[in-house]
Amino acid sequence: MMPTPSDPELTMIQTFKTIATIRTDFPSKFGVPRQSGLVDELVGTIVFEPEYRDREALRGIEEFSHLWLIWIFSENRNNEKFAPTVRPPRLGGNVRMGVWATRSPFRPNPIGLSCVRLDHVELDTDDGPIIVVRGADLVDGTPILDIKPYLPFAECHPDARGGFTRQTSMEKPLEVVMPDDFQQLWEPGQLAALRNILSQDPRPRYQNDPNRIYGMEFAARNIKFRVDEGRVFILSVNPDS
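Residues numbered from 1 in each chain as written. Predicted model: local features only at pLDDT ≥ 70, side-chain atom pairs only at ≥ 80, totals over all residues. Heavy atoms only, no water.

1. Concerning the packing of aromatic side chains
How we decide: Ring pairs are drawn from Phe, Tyr and Trp, using the six-membered ring of Trp, whenever the two centres fall within 6.5 Å, and their geometry is named by plane angle: stacked under 30 degrees, edge-to-face over 60, tilted for the rest. Segments assigned H or I by DSSP are reported as helices when at least four residues long, segments assigned E as strands when at least two residues long, and all are numbered from the N terminus. Burial classes follow relative accessibility: with a 1.4 Å probe on protein chains only, a residue under 20% of its type's maximum area counts as buried, one over 50% as exposed, and anything between as partly exposed. A ring has a charge above it when a Lys NZ or an Arg CZ is no more than 6 Å from the ring centre and no more than 35 degrees off the ring normal.
Scanning all chains against the criterion turns up seven aromatic pairs. An angle of 55 degrees between the planes, with centres 5.3 Å apart, marks the rings of Phe-26 and Phe-218 as tilted. In this pair, Phe-26 is assigned in the loop between strand E1 (20-23) and strand E2 (43-48) and Phe-218 in strand E10 (residues 214-218), connecting sequence segments 192 residues apart. The same class applies to Phe-26 and to Phe-218, which are both buried. Ring geometry for Trp-68 versus Tyr-150: centroids 5.9 Å apart, planes at 50 degrees, classification tilted. One end of the pair, Trp-68, is in strand E3 (residues 66-72); the other, Tyr-150, is in the loop between strand E8 (142-149) and helix H2 (152-155), and 82 residues separate them in sequence. Overall, Trp-68 belongs to the partly exposed group, its relative accessible area being 21%. Members of the aromatic cluster, joined through ring pairs, are Phe-30, Tyr-214 and Phe-225. Its guanidinium or amino end placed over the ring of Trp-186, Arg-221 lies 5.9 Å from that ring's centre, counting from NZ or CZ.

As structure tokens, this is what we get:
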């Protein structure tokens, strides 16, 4: 029997709570890796809401190497009408695929799922217990709904097929050309993360104008760059206003 709007199951669905937010070096969406785990150098800090700052809730978590984060696409516009197909950027934005066959953020329920590497846990900070992760693909301040351990015996499938995304693994990384004086503006880990992000070409797939200048906010700085013949040229770096 299908539940009715007054059933307890539906009431529970409508009362999900934010348990934490994540702090990252991305104040906006542009430049965020298209999937989690692609840029291991990216560090994110998960800070729990006051009512969940209980160190007992983290007991045993450091025995796992990776975690699943379930979160909300908080930067998206609210789509009132269901769209059964979307245009995946990896297909150039010209081909439609079924929304359930993609990881598009434009869905009936704006829920994201990311697999991240657990770096370490700090139990005693001004914000209570925190979790530091690597490889997150989340904007700074993204609300976290839940955290679950990644289970390799059940969730690792070496023979899995990647569908239309299989072409991504065959793409050659771009060369990043950065003046020496710009390289001194970041910590080593941030610099490595920035190079990795840019090498994966953060531009929309349908844009390929070598003269177009793009702007990306990262680690409190605004970076201007252009892409030409397989290379990313960083043109300027300014403090993020």
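Still to come is the rest of the account.
2. Some remarks on the nonpolar core
Rules: Nine residue types can take part in a nonpolar core, namely buried Ala, Val, Leu, Ile, Met, Phe, Trp, Tyr and Cys, and a core is a set of them joined through side-chain atoms within 4.5 Å. Contacts between residues were defined by any pair of non-hydrogen atoms, one from each residue, lying within 4.5 Å.
Ranked by internal contacts, the top residues of the largest apolar core, which has 25 residues, are Trp-186 and Phe-218. Counting residues per element, the ones that place at least two in this core are helix H4 (188-199), E10, strand E11 (221-228) and strand E12 (231-239). Considering every element that reaches this core, the biggest residue donor is H4, with five residues. Those residues in contact with Phe-218 that lie beyond four places of it in its chain are Asp-25, Phe-26, Leu-42, Trp-186, Gln-190, Ala-193, Leu-194, Ile-197 and Ile-223. Counting 20 residues, the second largest nonpolar core, distinct from the first, contains Ala-20, Val-116, Val-133 and Leu-138.

3. Re the sheet that holds E8
Quick reminder of the rule: Whether two strands pair depends on DSSP finding at least two bridges between them. Every axis corresponds to a line fitted to the C-alpha atoms, with the helix fit spanning only the stretch in contact, and the corresponding angles, defined between N-to-C directions, vary from 0 to 180 degrees.
Around the barrel, six strands lie side by side as E1-E2-E7-E6-E3-E8; this closed barrel has antiparallel pairing. When strand polarity is set aside, the average angle formed by the axes of neighbouring strands in this sheet is 45 degrees. Of the strand pairs in this sheet, E2 and strand E7 (residues 130-134) are connected by five bridges, and their pairing is antiparallel. Each bridged residue has a counterpart across the sheet, and for Gly-44 the counterpart in E7 is Val-133.

4. Notes on the environment of Pro-88
Position of Pro-88 among the secondary structure elements: in the loop between strand E4 (85-86) and strand E5 (97-98). Sequence-wise, Pro-88 and Thr-165 are 77 residues apart; in three dimensions their C-alpha atoms are separated by 9.5 Å. Leaving out residues up to four positions away in the same chain, Pro-88 has contacts with Gly-93, Val-95, Met-97, Thr-102 and Phe-164.

5. Describing the sheet that holds E10
An order of E9-E12-E11-E10 is seen for the four strands of this open sheet, with the pairing classed as mixed. This sheet does not close on itself; its edge strands, each paired only once, are strand E9 (175-177) and E10. Neighbour-to-neighbour, the strand axes of this sheet turn through a mean angle of 35 degrees, independent of strand direction.

6. What to know about the side chain of Thr-45
Here Thr-45 is to be found in strand E2. Given the relative accessible area of 19%, Thr-45 is considered buried. Those residues within four positions of Thr-45 in sequence are excluded, and the remaining contacts are Thr-21, Ile-22, Arg-23, Ile-130, Ile-131 and Val-132.

The values reported here are purely geometric and, on their own, carry no functional implication.
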